[in-house]
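Okay, here's what each chain looks like letter by letter:
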Amino acid sequence: MKSLVTGGAGFIGSHLVDILLEKGDEVIVLDNFTTGRPENLSHVEGKINLIETDLSLEKDWKKHFKNVDRVFHLAALADIVPSIENPDSYFQSNVTGTFNVMKACKEFDIAKVVYTASSSCYGIPDIFPTPETAEIRPQYPYALTKLLGEQIVLHWSNVYGVSSVSTRLFNVYGPRSRTSGTYGAVFGVFLAQKLSNKPYTVVGDGTQTRDFTHVKDVASALVAASESSLEGEILNIGSDNTYSINQVVGLLEGEVVYIPKRPGEPDVTWADISKAKEMLEWNPKISIEEGIEDLLDNIDYWSEAPVWDPDSISKATKKWFEYLG
Ligand code: UDP
């Protein structure tokens, strides 16, 4: 099989590339390295075709779709605060980029497209575990742009027959989770704090829970989706569980400092994954205990990550409180 991964130098993409190579695929990666890092693929150098390009611009990157069997579209800007500050660049990357990718998939008659959408589309849900049919309530520009990307993908599946599946990913964590300058996903924040012997900045009282899903389970779900005969379907991908932040810091071990709860944050994220389990014959396998042990074994990856404290977090999230409060 010839597989193309957009955003393959990113956190999730690089784990997906690993699985595809293990399966014996020929792998092409398109990435603009805004948040993806070439280092995430240094262990497979020479084994993949890595191309630096920007999918939001109509450049000559389309030619790489020729003779490709399956496309995994992961390239996107993530994180909440910068999406509030720069809605324009999020629209360009996540909406226009997705539109351009679908045009290329149609032109080159790609047999299967897998899109990675976000559980943030559910906002603060009413139903737990949350099924795919729950009401859509994007709270901030990142959530909106990932949702618009999903709608484009599924619309092109219906109208133009570009066979596609959208996966809604819940709180993905694991080795190589991004360490950019932005205040972002919790594990990057906590692991950098642990390395510098600083207290973990726990939001609220830490009883809120998240469906932390290991990146390797996510990557295997994406591959299963690409190998299924599903078309135009949406599938939640989660761990089949939900864990409190207090549980997480208990496993990481160390001091804690409490910071204010952020507006628009759900108290619980928890995916109903019965559809993915049934339709993909896929099951998440990695428990939070194993996942955190694995992270601690690879903690040096975060040695250059910014170390956040209550004061710097308060400054970095100013716009969050201003616009969502
Ligand atoms: N969180 C925390 N301290 C931090 C950052 C996040 O306790 O410094 C908590 C946050 O309240 C949430 C969970 O960790 O319950 C996951 O946060 P993240 O921003 O990674 O994902 P999201 O809130 O978008 O699910």
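You'll find the structure just up there.
Residues numbered from 1 in each chain as written. Predicted model: local features only at pLDDT ≥ 70, side-chain atom pairs only at ≥ 80, totals over all residues. Heavy atoms only, no water.

### Overview of the packing of helix 1 (residues 11–22) against helix 6 (residues 215–227)
At step 1: With their axes 9 Å apart at the nearest point, helix 1 and helix 6 run at an angle of 60° to one another. It follows that helix 1 is oblique to helix 6 by the angle criterion. Seen along the crossing, helix 1 lies across helix 6 with a hand that is right-handed. Side by side, helix 1 and helix 6 meet where Phe11, Ile12, His15, Leu16, Ile19 and Leu20 of the first sit next to Val215, Lys216, Val218, Ala219, Ser220, Leu222 and Val223 of the second. (Axes fitted to C-alpha atoms, helices over the stretch in contact; angles between N-to-C directions. Helix = DSSP H or I, 4+ residues; strand = E, 2+ residues; numbered from the N terminus. Parallel < 35°, antiparallel > 145°, perpendicular 65-115°, else oblique. Left-handed = near helix turned anticlockwise from the far one by under 90°. Contact = heavy atoms within 4.5 Å.)

### Looking at the nonpolar core
At step 1: Counting 40 residues, the largest nonpolar core has Ile12, Leu16 and Val17 as its most contacted members.
At step 2: Put simply, the parts of the chain that give this core at least two residues each are helix 1, strand 2 (26–31), strand 6 (164–169), helix 6, strand 11 (233–237) and helix 8 (274–280).
At step 3: The leading source of residues in this core is helix 6, at eight residues.
At step 4: Not counting chain neighbours up to four residues away, the residues in contact with Leu16 comprise Val5, Phe72, Leu74, Ala219, Leu222 and Val223.
At step 5: In this structure, Tyr173, Phe187, Phe190 and Trp308 belong to the second largest nonpolar core, which totals 25 residues. (Core = buried A, V, L, I, M, F, W, Y, C linked by side-chain atoms within 4.5 Å. Buried < 20%, exposed > 50% of the residue type's maximum accessible area, 1.4 Å probe, protein only.)

### Description of the pattern of salt bridges
In a structure, side chains of opposite charge can pair up when their charged atoms sit close to one another.
At step 1: Tallied over the entire structure, the rule returns 18 salt bridges.
At step 2: Two residues, Asp267 and Lys261, come together in a salt bridge whose shortest N-O distance is 2.6 Å.
At step 3: For Asp267, a relative accessible area of 45% gives the class partly exposed.
At step 4: Since its relative accessible area comes to 44%, Lys261 is described here as partly exposed.
At step 5: The shortest N-O distance in the salt bridge between Arg262 and Glu265 comes to 2.7 Å. In terms of burial, Arg262 and Glu265 fall into one category: buried.
At step 6: If you follow the salt bridges from partner to partner, you end up with Lys23, Asp25, Arg70 and Glu227 in one network. (Salt bridge = Lys/Arg side-chain N within 4 Å of Asp/Glu carboxyl O.)

### Some details on the environment of Lys2
At step 1: Tracing the sequence through the fold places Lys2 in strand 1 (residues 2–6).
At step 2: On a C-alpha basis, the gap between Lys2 and Lys47 in space is 13 Å, while along the polypeptide they are 45 residues apart.
At step 3: The contacts of Lys2, once residues within four sequence positions are left out, are Glu26, Ile28, Lys66, Asn67, Val68, Asp69 and Arg70.
At step 4: A polar contact of 3.4 Å, which involves the side chain of Lys2, links it to the backbone oxygen of Lys66. (Polar contact = N/O pair within 3.5 Å; in protein donor to acceptor, adjacent residues only side chain to side chain.)

### Considerations on the pairing of strand 2
At step 1: For strand 2, a buried count of five out of six residues is recorded, marking the element as mostly surrounded by other parts of the structure.
At step 2: One crossover worth recording links strand 1 to the parallel strand 2 by way of helix 1, and it is right-handed.
At step 3: Pairing geometry for strand 2 and strand 3 (residues 49–52), over four bridges, is parallel. By the bridge assignment, Asp31 is partnered in strand 3 with Glu52. (Right-handed = clockwise from strand over helix to strand, strands pointing away. Pairing = 2+ DSSP bridges.)

### As for helix 6
At step 1: With 13 residues, helix 6 extends 19 Å from end C-alpha to end C-alpha; this agrees with the ideal 18 Å at 1.5 Å per step.
At step 2: Most of helix 6 sits inside the fold, with 10 of its 13 residues counted as buried.
At step 3: Among the residues of helix 6, those classed as buried are Val215, Asp217, Val218, Ala219, Ala221, Leu222, Val223, Ala224, Ala225 and Ser226. (Expected span 1.5 Å × (residues − 1).)

### A closer look at the packing of helix 3 (residues 87–107) against helix 4 (residues 141–160)
At step 1: With their axes 9 Å apart at the nearest point, helix 3 and helix 4 run at an angle of 15° to one another. It follows that helix 3 is roughly parallel to helix 4 by the angle criterion. As helix 3 packs across helix 4, the resulting crossing turns out to be right-handed. Of the residues in helix 4, those in contact with Pro87, Tyr90, Phe91, Asn94, Val95, Thr98, Phe99, Met102, Lys103 and Lys106 of helix 3 are Pro141, Tyr142, Thr145, Lys146, Leu148, Gly149, Ile152, Val153, Trp156 and Tyr160.

### Thoughts on the site of the ligand
At step 1: Close to the ligand lie 14 residues; Tyr183, Val186, Thr201, Val203 and Arg210 are nearest.
At step 2: Backbone polar atom of Val186 to an oxygen atom of the ligand: 2.8 Å apart, as the coordinates give it.
At step 3: One nitrogen or oxygen atom from the side chain of Glu265 is found 3.0 Å from an oxygen atom belonging to the ligand.
At step 4: Relative to its unbound accessible surface of 520 Å², the ligand loses 90% to contact with the protein. (Near = heavy atom within 4 Å. Areas by Shrake-Rupley, 256 points an atom, 1.4 Å probe, with all protein chains shown as cover.)

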